[in-house]
Amino acid sequence: FLRLKSRSTRNDLLTGLRGILADLQVHEGVSVSAIHTPEAIQHQARRMPGSAPKSGPNPFHNRRGDIMVPLAEVHDLINRERESYDRLLLTMLQGSSDLKEKEDELLLLRGKLHTAVVESAEKDKTQANDSRLIMQLSKKLETLLMENEDLRDNNDRLNNRLVTVECEKMNLLYFGT
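Residues numbered from 1 in each chain as written. Predicted model: local features only at pLDDT ≥ 70, side-chain atom pairs only at ≥ 80, totals over all residues. Heavy atoms only, no water.

Here's the deal with the overall build of the chain
Consideration 1: A count of helical and extended segments in the chain gives three helices and zero strands.
Consideration 2: Starting at the N terminus, the α and β elements of the chain follow one another as α-α-α.
Consideration 3: Across the 177 residues that make up the chain, the buried fraction comes to 2%.
Consideration 4: Contacts in the chain between residues far apart in sequence, at least 24 positions, make up 56% of those at least 6 positions apart.
Consideration 5: Carbon together with sulfur atoms contributes 61% to the accessible area of the chain, which is approximately 16600 Å² in total. (Helix = DSSP H or I, 4+ residues; strand = E, 2+ residues; numbered from the N terminus. Buried < 20%, exposed > 50% of the residue type's maximum accessible area, 1.4 Å probe, protein only. Contact = heavy atoms within 4.5 Å. Areas by Shrake-Rupley, 256 points an atom, 1.4 Å probe, with all protein chains shown as cover.)

As for the pattern of salt bridges
Opposite charge on two side chains makes pairing possible when the charged atoms of those side chains draw close.
Consideration 1: Scanning the entire structure with this criterion turns up five salt bridges.
Consideration 2: Among the ionic pairs, Glu103 bridges to Arg7, the shortest N-O distance being 2.8 Å. Here Arg7 lies in helix α1 (residues 7-26) and Glu103 lies in helix α3 (residues 71-176), a separation of 96 residues in the sequence.
Consideration 3: Among the residues examined, Arg7 registers a relative accessible area of 26% and is labelled partly exposed. (Salt bridge = Lys/Arg side-chain N within 4 Å of Asp/Glu carboxyl O.)

Brief notes about a negative patch on the surface
Consideration 1: On the surface, a cluster of negative charge is made up of Glu147, Glu149, Asp150, Asp153 and Asp156.
Consideration 2: Mapped onto the fold, Asp153 is located in helix α3.
Consideration 3: Judged by relative accessible area, which is 38%, Asp153 ranks as partly exposed. (Patch = residues over 30% accessible without salt bridge, like charges linked within 9 Å, V, L, I, M, F, W, Y side chains within 5 Å. Lys, Arg positive; Asp, Glu negative; His and termini not counted. Charge placed at Lys NZ, Arg CZ, Asp CG, Glu CD.)

Here we look at a nonpolar patch on the surface
Consideration 1: A cluster of nonpolar side chains, contributed by Leu2, Leu4, Leu13, Leu17, Ile20, Leu21 and Leu24, occupies part of the molecular surface with about 630 Å² of accessible area.
Consideration 2: Tracing the backbone through its elements, the reader meets Leu21 in helix α1.
Consideration 3: Its relative accessible area of 33% is what places Leu21 among the partly exposed residues.

Re the confidence of the model for the chain
Consideration 1: Confidence in the prediction of the chain, expressed as mean pLDDT, is 78, and 73% of residues score 70 or more.
Consideration 2: Residue range residues 29-49 is modelled with pLDDT below 50. Its contacts to residues more than four positions away, or to other chains, number 15 contacts. (pLDDT = per-residue confidence, 0-100.)

Considerations on the side chain of Glu103
Consideration 1: Polar side-chain contacts of Glu103 include one of 2.8 Å to the side chain of Arg7.
Consideration 2: Apart from the residues within four sequence positions on either side, Glu103 is in contact with Arg7 and Arg10. (Polar contact = N/O pair within 3.5 Å; in protein donor to acceptor, adjacent residues only side chain to side chain.)

Points about the side chain of Arg10
Consideration 1: Counting through the fold element by element, Arg10 comes out in helix α1.
Consideration 2: A polar atom in the side chain of Arg10 sits 2.4 Å from the side chain of Asn11.
Consideration 3: Among the polar contacts made by the side chain of Arg10, one reaches the side chain of Glu103 at a distance of 2.3 Å.
Consideration 4: In this view, Arg10 contacts Leu4, Leu99 and Glu103; residues no more than four positions away in its chain are not counted.

This is the structure:
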C-alpha cells in the first residue's frame, strides 16, 4: 500500500502509472533480461543451509536454442493480456468514483472525529474546573461549619456565664438583703 499526503498527489501517481501501462501496451516488444537465463536460474536455486552448489546441468531445463513458438500463439497471448489489461483499466476507472466517494466519507468522518475530540477536551476541561470549584466550595463549607460550631460554643459559654452571673446577682440580692 502507498499512502500519499494528498488526493492530487495520488491522482498524479495513478495517472502516471496508467500512462506507463498504456505505453507498455503500445510498445509490445518483449525483452528477456539476464535474470531469466538458464545460468541465472541455476545460480538462484534455493539450497539448504550448508549444502554444496549443484554440479551439472539442470535436467528439467532444455538448452536447445532452436525451439520455435508459432506467431499465432504469441498474438493470442498478447490479445489475452490486452483484454485482461482492458478489464483492469475499466475496473480502475469504475472504482475511481467509488474511491472518491469513500475518500469524501473518510474526510467527513475525520472531521467528525476531530470535532468529537475537541468537544471531549472541552468537557474534560469543564469537568476539571468543576472539580476544582467543588473542592474550593467544600473547603469553604468546612471552614464555615467549623466557625459556626465555634460560635455556638462561644454562645453556649456566654449563655452559661450569663446564667451564672444572674444567679450570683440573685444570690447577692437574696442573701444580701
